[in-house]
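A look at the structure
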Amino acid sequence: VSPPPVADLLVRDIGELVPLGASVPAWEPPHGPEERWPPRIRDAALASGGGHVLWCGPQADLDNAVSISAEATHVSAQGGLITPGFVDSHTHLIFGGDRADEFFLRLRGVPYRELARSGGGILRTVRETRRTGAAELLSLARRRAERMLEWGTTTAEIKSGYGLDLETELKILEVARRLKDETPLQIVPTFLGAHEVPPGTDESTYVEKLVQEMLPEVARQGLARFCDVFCERGVFGVEASRRVLQAAASHGLGLKIHAEQLSRFGGAVLAAELRATSADHLEYAAAADLEALAAAGVVAVLLPGASLFLGTERYAPMAEMRASGIEPALATDCNPGTCMTESMASILFLAVVKLKMSPGEALRAACLGSARALGLADRLGSLEPGMQTDLVIFDVPDLEHLVYHFGVNHVRQVVKRGHLVVSRR
Ligand SMILES: [Zn+2]
């Protein structure tokens, strides 16, 4: 018999613990109004050692489950809710300037394409990011990363894509690397050189530059874990997207794709063909697209904040997604043009109201689904024993109240890798 593991962090007085985890059965439509999914533990405790979960269960069983180090940190959840830390699996967090004026012009009826033609849109943020120095970019991004942590996000994917030249794309990815060293936020960097065709060139010339020059240098410096492409009418076609993603795969990068956001265009089928880790957006995906993605094991990263912010009211087809068996993830899409928020709690609210997810389904997508979208589900997104101790203590009695009482920050404390990194009130 091996001795019980030694805990260096104990969280007690948990009103409701939602551990999620691979052992939790898939969501099914509720059989009655009282039924709640996924399983929760009431009056719970959690023990962590060396940054990993050792045990969680009813508080009455804690003393028999672990031995406790004399130097252990003791935290009371004061009857609140505990979930795994949010994993924000799709953001464009590093950028210069903002596009607040465009937001209001669009609300007054000016279409996005017209704004883009008159110097707005992605290319405006590209100009502003090119002229912003690395130190300034880092300080802007640090504030956003701190805001993410304060709202319960413990891991975030960050895309480049506001440079569209080698120098600026490297500058953005270098800022992402420094951000990882300067904040407790865990960061997964993605190269999105194929975000838009830069001015003064055409698609095929730029794709050659991406494949011959930019991708090899990003890979050589180890600055990205994934490569992403904005596959859309008027941006990058399916053939160009395939060429960029195949080159990325040959450099050992994982694959992501912005697919079926503004029209049904073929990005989802390409993601399935290339066995991408995730296909993101999918507002215009059809049942056949979803079946192809599900069969290839591609995660669907859903971004309801962008639909709301753009005023399209076009959301990903959740009922068809359930039928296809695809794994959904949720993310903010945090960016200055189409969704200006760092708050995953707001995205949970939108997922329930607009995508018609259940609260449990939305939480699973925001934690475990998003961890899968980053290839990190073996250590993130659940609080089962052995997982990284990334958790959030909320000042609400249960998961339903976290979603229902929207627009305010209920976070009391955040733990990352077993360390208390946020303490509010
Ligand atoms: Zn995006």
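Residues numbered from 1 in each chain as written. Predicted model: local features only at pLDDT ≥ 70, side-chain atom pairs only at ≥ 80, totals over all residues. Heavy atoms only, no water.

Examining the pairing of strand β1 (residues 6–17)
Convention followed: Paired strands, in this sense, are two strands between which DSSP finds at least two bridges. Helical segments are the DSSP runs of H or I of at least four residues, strand segments are the runs of E of at least two, and each set is numbered from the N terminus.
Note: β1 against strand β4 (residues 67–76), 6 bridges, orientation parallel. Bridge assignment links Arg12 to a residue of β4, and that residue is Ser76. In this structure, β1 lies alongside strand β2 (residues 41–49), joined through 6 bridges in antiparallel fashion. Each residue of the ladder has a partner; that of Ile14, found in β2, is Ala44. In this sheet, strand β5 (residues 81–84) lies alongside β1 in parallel orientation, the contact comprising 2 bridges. Looking across to β5, one finds that Glu16 is bridged to Leu81.

Some points on the pattern of salt bridges
Put simply, the test is: Whenever Lys or Arg places a side-chain nitrogen within 4 Å of a carboxyl oxygen from Asp or Glu, that contact is recorded as a salt bridge. Working definition: with a 1.4 Å probe on protein chains only, accessible area under 20% of the residue-type maximum means buried, over 50% means exposed, and in between means partly exposed.
Under the counting rule described, the total for this entry stands at 26 salt bridges. Across the pair Arg372 and Glu327 runs a salt bridge, and its minimum N-O distance is 2.5 Å. Placement of Arg372 in helix α14 (residues 359–373) and of Glu327 in the loop between α12 (318–324) and β13 (328–330) is noted, with a sequence separation of 45 residues between them. Assessed through its relative accessible area of 30%, Arg372 is described here as partly exposed. Residue Glu327 is classed as buried on the basis of its relative accessible area, which comes to 15%. Salt bridges linked by common partners bring Arg99, Asp101, Glu102, Arg124 and Glu128 together as one network.

Points about the sheet that holds strand β7 (residues 153–159)
Stated precisely, the cut-off is as follows: Helix axes use the C-alpha atoms of the stretch in contact, all axes being lines fitted to C-alpha atoms, and the angles between their N-to-C directions lie in the range 0 to 180 degrees. In this analysis, two residues are considered to be in contact whenever any of their non-hydrogen atoms come within 4.5 Å of each other.
Taken in spatial order, the 8 strands make up an open sheet running β6-β7-β8-β9-β10-β11-β12-β13, and their pairing is parallel. Across the chains shown, the open sheet's two edge strands, defined by having one partner strand only, are β6 (86–88) and β13. Across the sheet, the axes of successive neighbouring strands diverge by a mean angle of 25 degrees, strand direction being ignored. With 3 bridges joining them, strand β11 (residues 278–281) and strand β12 (residues 299–302) adopt parallel strand pairing. Following the sheet pairing, Asp280 is matched in β12 by Val301. Across the sheet, helix α6 (residues 166–182) touches β7 and β8 (186–194), and the angle it forms with β8 is around 175 degrees. The strands that helix α7 (residues 203–220) touches are β8 and β9 (226–230); relative to β8, the one it contacts most, it runs at about 150 degrees.

With respect to the coordination of the zinc ion
What counts is decided by this rule: A donor here means any N, O or S atom no more than 2.8 Å from the metal (3.2 Å for Na, K and Ca); water is not included, so a site may seem to lack partners. Donor angles set the geometry label: tetrahedral for four donors if every angle is between 85 and 135 degrees, square planar for four and octahedral for six if opposite donors exceed 155 degrees and the others are between 65 and 115, irregular for anything else.
On the protein side, the zinc ion has His90 (NE2), His92 (NE2), His258 (NE2) and Asp333 (OD) as donor atoms, found 2.1 to 2.6 Å from it. Considering all 4 donor atoms around the zinc ion, the spread of angles at the metal, 81 to 163 degrees, places the coordination shape in the irregular class.

Some details on empty space enclosed by the protein
Heads up, the rule is: The distinction between a cavity and a pocket rests on a 1 Å grid over the protein atoms alone: a 1.4 Å probe fits inside a cavity but cannot get out, while a pocket stays open yet meets protein on both sides within 12 Å along at least five of seven lines, and a residue with an atom within 4 Å of a point counts as lining. Grid points are joined across faces, edges and corners, and a volume is the space filled by probe spheres set on the points. Under this grouping Gly is polar, as are all residues other than the nonpolar Ala, Val, Leu, Ile, Met, Phe, Trp, Tyr, Cys and Pro and the charged Asp, Glu, Lys and Arg.
One pass over the full model with this rule turns up 3 cavities of 30 Å³ or more. Roughly 40 Å³ of volume is contained in the largest cavity. Among the residues forming the lining of the largest cavity, the class breakdown is 5 nonpolar, 5 polar and no charged. Considering only enclosed or pocket space, the second largest cavity measures out at about 40 Å³ in volume. Lining the second largest cavity are His281, Glu283, Leu302, Leu303, Pro304, Ser307, Tyr315, Ala316 and Leu355. For the lining of the second largest cavity, the class distribution of residues is 6 nonpolar, 2 polar and 1 charged.

Just distances and angles here, no functional claims.
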